[in-house]
Amino acid sequence: MRKESTRRLPATSDIDGKRRSFLKASVAATAAAPLVLTPRKSEAQVAPLLPSPATTPWAEELPTAITPLSALDALDPMPMTSANTGGGECGRADHQRYDELCVAGKAGRPLLYQLTAKENPNWVFNPAYPPQAIWGYAGNMDTVATTPGPTFHARYGQSVIVRIRNELPANHTGFGSPEISTHLHNMHTPSESDGFAGDFYSATLKGPTLTRAGSFNDHFYPNLYAGLDEFSATSAIGDSREALGTLFYHDHSEGVTAPNVLKGLMGRYMIFDDLDSGSEDSGLKLPSGAYDYPLSFSDKRFDANGRLFFDELNPEGVLGDKITVNGKIEPVLRVARRKYRFRLLNGGPTRFYEFYLQHKNRTTSYGYTIIANDGNLLPAPLANQFRVRIGPAERADIVINFANFPLGTELFLVNQLVQTETRQPRDAQAPGTQLLKFIVDREAPDTSLVPALLRPLRDLPSAAELAALPVRRFVFSRTNGNWAVNGQFFNSLLPRVSVPKGNAEIWELVNPDNGWQHPIHIHFEEGRILSKTVNGVNVAIPPNERGRKDVYILGPAQTIRVFLRFRDFYGKYMMHCHNLTHEDHAMMLRWDIV
């Protein structure tokens, strides 16, 4: 990777002014003088959406294993530390700490990959619906895009560069906008590779205001633990207690994240180390290889002709009534009689889930083991659990032992959480909706384990140390018909918070409304929940939320206090509601590490 002299763009220049003006007008996402918008209509005034047409259950089969993307020998043109604008790359800041981390050897010479965002005109969600256009990612030299996109298997201590090309059609029809800014959620990543919302790009956009014209952007993922500087005396790659595991990447373009992700721009990224090794012969020996299986769920709604529908200008959002599992509606997964690790992801945009494993008689439920929340192994497994709830962007890794069932058994992953509006889910209620059928159809050896201890947590600071930390308060509320943080709409040019690198703080997340839930995502650093209160009264932190997290479900009239550290890199990051409609309609802020 050759570092060349090139003009370094300031953080505030990564914007296409014409597109920004349109988006700001359409969703009122501006930090200028407040706009008086049409208030939200009452339920009686809102015409109900027609249900999606009926689908054919259990007609589509998922592959029995997910093959990870392989590294390339080279990229053309070769990546550079500075943006290769002459070679077609969009503008960006220099890759931070590249010489130190890669040339000096801490993270190794980067492996090279390529993703291409493009349209697939013939995607089939279900045989009852016609083939239709989706947007997805093609891996390396592949020509056909899929949703989800290719799955990565990365390792701590081995850096990667992912070249992300934009070949979306400029003159497309329907919802979505053909610009991209890809976020790897929630990797400890330098800001220029984080997928900042204002850093969208498209080779098809031209004009004097566009500073990010280019067909691709090179993302540098060092794949190092957080705490690199703090633990430099004892570890070359940071604090292993800060390891992630289950991540995903998705488009994060300002104002159009919901439609672009709904249209298919997302994929999975798994990262391993010596403990969570990706092998059944070393480390924790968790189910691995073909038996480590990502499942991505997304709520979608289809029109009377079976075509995907979304209203991107509606600040209330559109609640999907059909759930895709890895891009398919009501698919089948054939499994062996042994243990599996399933990495569950709520890909959004809106719906919450509560998952049960049930017999086909719809009355018998079976237990499983929860080993991870969001991207992280818990300190110890939670055995014999019968349900797990995840909001948009939350993850949960569970282990199901199909050896407990005879060959030919049919089981179903069922969502029992009732949700009839975008505001929030109601209580769980049987029998629920069957989303995925498992068929136990073969024998297979099993040397995997679920040990009694997984990954240890770093101790929290003492009570006195916590009391001495700065506290920042963020109120997530409805403002002038749209969504706001502390009464202000998102402005990608304006950092609302500046944190000195190396500091620790407490962030207080507040939902004053009793009618909405907000899954709040803080980029870059994971946090630990210190407390939860509802109407000022302390409530228990659920066991599966007592590890490190990056999404915090902010319930009605609730306040969550989160302990955070800010380490290793500088630059601009974001905090936002991961109900993607709320995010697009301005419930997001920029914060900087300085």
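Residues numbered from 1 in each chain as written. Predicted model: local features only at pLDDT ≥ 70, side-chain atom pairs only at ≥ 80, totals over all residues. Heavy atoms only, no water.

Q: Is there a simple way to explain the overall build of the protein in this structure?
A: Looking only at helices and strands, the protein has five helices and 34 strands in total. Split into buried and exposed, the 594 residues of the protein put 60% on the buried side. With the model as given, the accessible surface of the protein reaches about 21,300 Å², and the carbon-plus-sulfur share is 53%. (Helix = DSSP H or I, 4+ residues; strand = E, 2+ residues; numbered from the N terminus. Buried < 20%, exposed > 50% of the residue type's maximum accessible area, 1.4 Å probe, protein only. Areas by Shrake-Rupley, 256 points an atom, 1.4 Å probe, with all protein chains shown as cover.)

Q: What's the story with empty space enclosed by the protein in this structure? I'm lost.
A: Picture a little ball the size of a water molecule; that probe, rolled over the atoms, points out where space is still empty. Tallying each qualifying case throughout the model produces 10 cavities of 30 Å³ or more. The space that makes up the largest cavity amounts to roughly 130 Å³. What lines the largest cavity is a set of 14 residues, among which E242, R528, R548, F563 and R565 lie closest to the centre. Elements that contribute at least two residues to the lining of the largest cavity include exactly β29 (527-534) and β32 (558-565). Take the lining of the largest cavity: its biggest share by element is three residues, from β32. (1 Å grid on protein atoms, 1.4 Å probe; cavity = no way out; pocket = protein on both sides within 12 Å on 5 of 7 lines; lining within 4 Å. Points joined across faces, edges and corners; volume = space filled by probe spheres on them.)

Q: What's the story with the sheet that holds strand β5 (residues 160-166) in this structure? I'm lost.
A: Across a sheet, paired strands are connected by hydrogen bonds in the backbone, their directions being either parallel or antiparallel. Across the sheet, which stays open at both edges, the four strands sit in the order β3-β2-β5-β7 with mixed pairing between neighbours. The sheet is open, and its two borders are formed by β3 (132-139) and β7 (216-221), each paired with just one other strand. Neighbour-to-neighbour, the strand axes of this sheet turn through a mean angle of 20°, independent of strand direction. Pairing geometry for β5 and β7, over six bridges, is antiparallel. Within β7, the residue paired with I161 across the bridge is F220. (Pairing = 2+ DSSP bridges. Axes fitted to C-alpha atoms, helices over the stretch in contact; angles between N-to-C directions.)

Q: I would appreciate a short explanation of the pairing of strand β34 (residues 588-593) in the present structure.
A: Consecutive residues of a regular strand have side chains that alternate between opposite faces of the sheet. β34 sits mainly inside the fold: six of its six residues count as buried. Every second residue of β34 is oriented toward a common face, with M588, R590 and D592 on one face and L589, W591 and I593 on the other, all of them buried. Relative to β34, strand β26 (residues 495-499) runs parallel, the two being bridged by four bridges. When the sheet's bridge partners are listed, V499 is paired in β34 with I593.

Q: How should the sheet that holds strand β4 (residues 152-155) be read in this particular structure?
A: Ordered by their spatial adjacency, four strands build an open sheet running β4-β9-β8-β6, and the pairing between neighbours is mixed. Of all strands in the sheet, those with a lone pairing partner are β4 and β6 (182-185), marking the two edges. Each neighbouring strand pair of the sheet contributes to a mean axis angle of 25°, computed without reference to strand direction. Relative to strand β9 (residues 266-272), strand β8 (residues 246-251) is paired through five bridges, and the arrangement is antiparallel. The residue bridging H250 from the neighbouring strand is M266, located in β9.

Q: I tried to follow the environment of L295 on my own but got confused; where do I start?
A: Along the chain, L295 turns up in strand β10 (residues 292-302). Expressed as a C-alpha distance, the spacing of L295 and G347, which sit 52 residues apart in the sequence, is 9.8 Å. Non-local contacts of L295, meaning those with residues more than four positions away in its chain, are made with L62, R268, V325, N326, F342, R343, L344, L345 and L436. (Contact = heavy atoms within 4.5 Å.)

Q: What is the right way to look at the confidence of the model for the protein in this model?
A: One rule of thumb: low pLDDT means the predicted coordinates there are not for detailed reading. Confidence in the prediction of the protein, expressed as mean pLDDT, is 90, and 90% of residues score 70 or more. Contacts from residues 206-211, a stretch scored under 50 in pLDDT, to residues over four places away or in other chains number 13 contacts. (pLDDT = per-residue confidence, 0-100.)

Q: Hey, could you run me through the side chain of R395 in this one?
A: Along the chain, the position of R395 falls in strand β21 (residues 395-401). Assessed through its relative accessible area of 3%, R395 is described here as buried. Among the polar contacts listed, one links the side chain of R395 to the backbone oxygen of T246, at a separation of 3.2 Å. Setting aside chain neighbours within four positions, we find R395 in contact with H185, T246, F248, L344, L345, A372, N373, D374, G375, I390, D550 and V551. (Polar contact = N/O pair within 3.5 Å; in protein donor to acceptor, adjacent residues only side chain to side chain.)

Q: Is there a simple way to think about the pattern of salt bridges in this case?
A: Taken as a whole and judged by the stated rule, the model has 40 salt bridges. The closest approach of N and O atoms between R472 and E505, which form a salt bridge, is 2.5 Å. With R472 in strand β24 (residues 471-479) and E505 in strand β27 (residues 504-510), this pair connects stretches of sequence that are 33 residues apart. Several salt bridges share partner residues, and in doing so they unite E230, E242, R458, E525 and R567 into one network. (Salt bridge = Lys/Arg side-chain N within 4 Å of Asp/Glu carboxyl O.)

Q: Can you help me understand the pairing of strand β12 (residues 322-325) in this one?
A: By the alternation rule, side chains of β12 split into K322 and T324 and I323 and V325, which are all buried. In this sheet, strand β13 (residues 328-329) lies alongside β12 in antiparallel orientation, the contact comprising two bridges. By the bridge assignment for β13, V325 is matched with K328. The hairpin turn running from β12 into β13, its antiparallel successor, is two residues long, and N326 in that turn takes a positive phi close to 50°.

Q: Can you walk me through unusual backbone geometry in this structure?
A: What is expected of a backbone is that most residues other than glycine have negative phi and most peptide bonds are trans. With omega at -5°, the peptide bond leading from T147 into P148 counts as cis. Among the structural elements, P148 can be located in the loop between β3 and β4. With an omega of 5°, the peptide bond between A430 and P431 qualifies as cis. Its place among the elements puts P431 in strand β23 (residues 428-443). Positive phi values are uncommon outside glycine, yet R362 reaches one of about 70°. Note that R362 resides in the loop between β16 (353-359) and β17 (365-366).

Q: Explain the packing of aromatic side chains here, please?
A: Each aromatic ring pair is characterised by the separation of its centres together with the angle its planes make. For the coordinates displayed, the defined rule picks out 31 aromatic pairs. Arranged with centres 6.0 Å apart and planes meeting at 50°, the rings of F297 and Y353 form a pair that is tilted. Of this pair, F297 sits in strand β10 while Y353 sits in strand β16, placing them 56 residues apart in sequence. For the pair shown, F297 and Y353 are each scored as buried. An angle of 85° between the planes, with centres 5.7 Å apart, marks the rings of W507 and W591 as edge-to-face. Here W507 is found in strand β27, whereas its partner W591 is found in strand β34, with 84 residues between them in sequence. Across the pair, W591 and W507 agree in class, each one buried. Connected via pairs of aromatic rings, a cluster forms that spans F474, W507, F524, F566, F569, Y573 and W591. Stacked on the ring of F216, the Lys or Arg R163 has its end atom at 4.1 Å from the ring centre. Above the face of the W135 ring, K263 is positioned so that its terminal group lies 4.2 Å from the ring centre. (Phe/Tyr/Trp six-rings, centres within 6.5 Å; stacked < 30°, edge-to-face > 60°. Lys NZ or Arg CZ within 6 Å of the ring centre and 35° of its normal.)

Q: What is the right way to look at the nonpolar core in this model?
A: A general feature of soluble globular proteins is that nonpolar side chains tend to end up buried together. In this structure, Y269, F474, F476, W507, L509, M575 and W591 are the most contacted members of the largest nonpolar core, which totals 66 residues. Residues in contact with M575, not counting those within four places in the same chain, are F474, F476, W507, L509, I520, H521, I522, M587, M588, L589 and W591. In this structure, L62, F297, F342 and Y368 belong to the second largest nonpolar core, which totals 33 residues. (Core = buried A, V, L, I, M, F, W, Y, C linked by side-chain atoms within 4.5 Å.)

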